[in-house]
Amino acid sequence: MVAPPDNAPPDNDVLWARSLQYSHDRSPALVGVSVGVRQGEILALTGPRGSGKTTLLRCLSGQLRPEGEVWFNSVPVHTMGAAARERLRRDRFGWIGPEPQLLPELKVWENAALPLLLAGAPHRAARNAACEWLDRLDIGGFARKRPASLTRAECQRVALARALVNEPAVIFADEPTAPLHRAERALLLRALTTAARSHEVTVLLATHDEATVAVADRRLALLDGRLAGAAAASSPAHDTPEGQAACSLSA
């Protein structure tokens, strides 16, 4: 039975959306998309370029305001104002895209700590939290360097540390491995999934790469802004040894 409008989503869904509609310059990008994601689940959003994956992530994370409903932990995101949605993104969500988007004038640890610093966290606490994640991602030795001295793959791990530093409930990962070579891609995916498993973080992972889909528990396919189907991913990771490991690439 479909819940009536304005009813809260099921308690076991950390993120839930219904009948999302969004257009870019009057061109439909999402058409009636509904989705629910459980706590600690890794959900892969698949589909060709232009299918609506990035738009869906941006709507679910509060960056865009679509028609329809978006709920986070039974809180209606779709009724929030811009300032409240910005606080939600800063405090409860993490984001990593295909480009690291690091600030070149800041040190690596400052880039990783940025969400905490912007939230007004004490400088020392923010630095310690950032350095802890950089260590877990095996790039702690670069903490005092500038991004320009790092490789593309290392910068992407800094971006992952930035997404994790505020202990988010949800990470939105928009093609985070797209610019990387195969070995680097596997390394970043291992870091992301291990962190998610060990800290019960929900991950929405947009990708068109089948090897990336394999780390997810479930997949949803988009085509022309519509939900094309749902199926279990080929390699559910909840019971894998990696899922139980400490979050360290060298573990």
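See the structure printed just above.
Residues numbered from 1 in each chain as written. Predicted model: local features only at pLDDT ≥ 70, side-chain atom pairs only at ≥ 80, totals over all residues. Heavy atoms only, no water.

(A) How the structure looks around the sheet that holds strand β2 (residues 27-38). Spatially, β2-β1-β4-β5 is the arrangement adopted by the 4 strands of the open sheet, whose pairing is antiparallel. Of all strands in the sheet, those bounded by a partner on one side alone are β2 and β5 (75-76). Judged from the 5 bridges that link them, strand β1 (residues 13-24) and strand β4 (residues 67-72) form a sheet pairing that is antiparallel. Bridging from a neighbouring strand, Leu15 pairs with Phe72 of β4. Against the sheet, helix α1 (residues 53-60) engages β1, β2 and β4, with an angle of about 125 degrees to β1. (Pairing = 2+ DSSP bridges. Helix = DSSP H or I, 4+ residues; strand = E, 2+ residues; numbered from the N terminus. Contact = heavy atoms within 4.5 Å. Axes fitted to C-alpha atoms, helices over the stretch in contact; angles between N-to-C directions.)

(B) Summary view of the packing of helix α5 (residues 152-164) against helix α6 (residues 182-199). Packing of α5 against α6 brings their axes to within 10 Å, and their N-to-C directions diverge by 10 degrees. Relative to α6, the element α5 lies roughly parallel. Read as a crossing pair, α5 and α6 show a hand that is right-handed. On the side of α5, the interface is formed by Ala153, Gln156, Arg157, Leu160 and Leu164, while α6 contributes Glu184, Leu187, Leu188, Ala191, Leu192 and Ala195. In terms of residue class, the contact of α5 with α6 is built from 8 nonpolar, 1 polar and 2 charged. (Parallel < 35°, antiparallel > 145°, perpendicular 65-115°, else oblique. Left-handed = near helix turned anticlockwise from the far one by under 90°. Nonpolar A, V, L, I, M, F, W, Y, C, P; charged D, E, K, R; others polar.)

(C) Representation of helix α3 (residues 108-118). The complete set of buried residues in α3 reads Val108, Trp109, Asn111, Ala112, Ala113, Pro115 and Leu116. Summarising the contacts, the buried residues of α3 are in contact with α2 (82-92), α4 (123-136) and α5. Just downstream of α3, Gly120 is the residue with a positive phi angle, here 90 degrees. (Buried < 20%, exposed > 50% of the residue type's maximum accessible area, 1.4 Å probe, protein only.)

(D) Up close: the nonpolar core. Core analysis: the largest hydrophobic core is formed by 41 residues, its most contacted members being Leu134, Val158, Leu160, Ile171, Leu192, Val203 and Leu205. Secondary structure elements with two or more residues in this core: β3 (42-46), α3, α4, α5, β7 (170-174), α6 and β8 (202-206). In terms of residue count, the dominant contributor to this core is α5 (8 residues). For Ile171, the residues in contact, after removing those within four places along its chain, are Gly94, Ile96, Ala163, Leu164, Leu192, Val201, Thr202, Val203 and Leu204. Counting 28 residues, the second largest nonpolar core, distinct from the first, contains Leu15, Leu88, Phe172 and Leu204. (Core = buried A, V, L, I, M, F, W, Y, C linked by side-chain atoms within 4.5 Å.)

(E) Representation of the side chain of Asp217. Following the sequence through the fold, Asp217 ends up in the loop between α7 (210-213) and β9 (218-223). Asp217 gets classed as buried once you look at its relative accessible area, which sits at 10%. Only 2.9 Å separates the side chain of Asp217 from the side chain of Arg197, close enough to count as a polar contact. (Polar contact = N/O pair within 3.5 Å; in protein donor to acceptor, adjacent residues only side chain to side chain.)

(F) Examining α5 more closely. With 13 residues, α5 extends 19 Å between its outermost C-alpha atoms, agreeing within 8% with the 18 Å of an ideal straight helix rising 1.5 Å per residue. By the criterion of burial, α5 is predominantly enclosed, with 12 of the 13 residues buried. Taken together, the buried positions of α5 are Ala153, Glu154, Cys155, Gln156, Arg157, Val158, Ala159, Leu160, Ala161, Arg162, Ala163 and Leu164. On its buried side, α5 packs onto β6 (93-96), α3, α4, β7 and α6. (Expected span 1.5 Å × (residues − 1).)

(G) Here's a closer look at the pairing of β4. Strand direction decides the pairing type here: β4 and β5, joined by 2 bridges, are antiparallel. Residue Phe72 lies in a different strand from β5, and its bridge partner there is Val75. The turn joining β4 and β5, which pair antiparallel and follow one another in sequence, is formed by 2 residues; a positive phi near 45 degrees is taken by Asn73.

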